[in-house]
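Spelled out from the first residue to the last, the chains are:
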Amino acid sequence: MHLSTPYDPQNIFAKILRGEMPCLKVYEDEVCLAFLDIFPQGPGHTLVIPKVAATNLLTLPTEALGPYMTSVQKVARAVQRAFQAEGLTVLQFNGAAGGQTVFHLHFHLIPRQEGVGLIGHGQAGKASEEDLISHQAAILAAF
Ligand code: 5GP
């Protein structure tokens, strides 16, 4: 998927945005939706996607960037608080060559603790439903 490939409205995050696929939502406002990654690189791994149909950071309309990043920061603060995280890793991939696998723009927010390694991008297994539900509840309570 080249950086300038047109947006595909059938991508999985577009389906989640339209409510055609389920997600473990932790936050929503007029510009973004945030939900848990079901293949988490660490506990609490959260994805924040803009509601505007943008494939990647380069194609997001510039006027949408500020409001989106304001929401990303708001979710980041809640994710950090929920896990009393000592650190927070923020990842964002663009284009297949850049490591992107779902072609709707998203930021990854991964709470981190000292001495605990990060599972590699694309290396994680599917989380248990029980863990996901408990992490969702913790983040929802942290706003
Ligand atoms: P990317 O590689 O595009 O930066 O990240 C895509 C992310 O979406 C990956 O971390 C992957 O685990 C996650 N992912 C893939 N399919 C699904 C899904 O159906 N639901 C959720 N919640 N996350 C997904």
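Within each chain, residues carry numbers counting from 1 in the order of the written sequence. Under the rules for a predicted model, residues below a pLDDT of 70 receive no local features and side-chain atom pairs below 80 are neither given nor counted, while totals for whole chains, interfaces and linings still include all residues. Just so you know, side-chain values use all the structure's heavy atoms and leave hydrogens and water out.

Chemist: Tell me about the packing of aromatic side chains, and please be specific about residues and values.
Modeler: Aromatic pairs are defined between Phe, Tyr and Trp rings, using the six-membered ring for Trp, whenever the two ring centres lie within 6.5 Å; interplanar angles under 30 degrees are classed as stacked, those over 60 as edge-to-face, and all others as tilted. In this structure the tally under the stated criterion is 3 aromatic pairs. Pairing F13 with F35 gives two aromatic rings, centres 5.4 Å apart and planes at 75°, and the pair type is edge-to-face. Of this pair, F13 sits in helix α1 (residues 12-17) while F35 sits in strand β2 (residues 32-36), and the two are 22 residues apart along the sequence. Helix and strand assignments come from DSSP, with helices taken as H or I runs of at least 4 residues and strands as E runs of at least 2, each series counted from the N terminus.

Chemist: Go over helix α3 (residues 129-140), please, and point to the residues and values.
Modeler: In this analysis, the expected span of each helix is defined as 1.5 Å times one less than the number of residues it contains. Over its 12 residues, α3 extends 16 Å from the first C-alpha to the last, a length consistent with the 16 Å expected when each residue adds 1.5 Å. Every buried residue of α3 is accounted for by L132, H135, Q136 and I139. The buried residues of α3 occupy an angular sector of 105° when projected down its axis, which confines them to one face. For every residue, the accessible area (1.4 Å probe, protein chains only) is compared with the maximum for its type, and the residue is labelled buried under 20%, exposed over 50%, or partly exposed between those bounds. This arc is taken over the directions from the axis of the helix to the C-beta atoms.

Chemist: Requested: an account of the environment of G19, with residues and values cited.
Modeler: Note that G19 resides in the loop between α1 and β1 (25-28). For G19, a relative accessible area of 60% gives the class exposed. Between the C-alpha atom of G19 and that of P61, which follows or precedes it by 42 residues, the distance is 23 Å.

Chemist: Report on the pattern of salt bridges, specifying residues and quantitative values.
Modeler: Salt bridges are counted wherever a side-chain nitrogen of Lys or Arg sits within 4 Å of a carboxyl oxygen of Asp or Glu. By the definition in use, this model includes 3 salt bridges. For the salt bridge of E28 with K25, the shortest nitrogen-to-oxygen distance reads 2.6 Å. Close ionic contact of K51 with E28 constitutes a salt bridge, the shortest N to O distance being 2.8 Å. Residue K51 is found in the loop between β3 (46-50) and α2 (62-83), and its partner E28 is found in strand β1; the two are separated by 23 residues along the sequence. A residue is classified by how much of its surface remains accessible, and K51, at 31% relative accessible area, is partly exposed. Sharing partners across several salt bridges, the network here consists of K25, E28 and K51.

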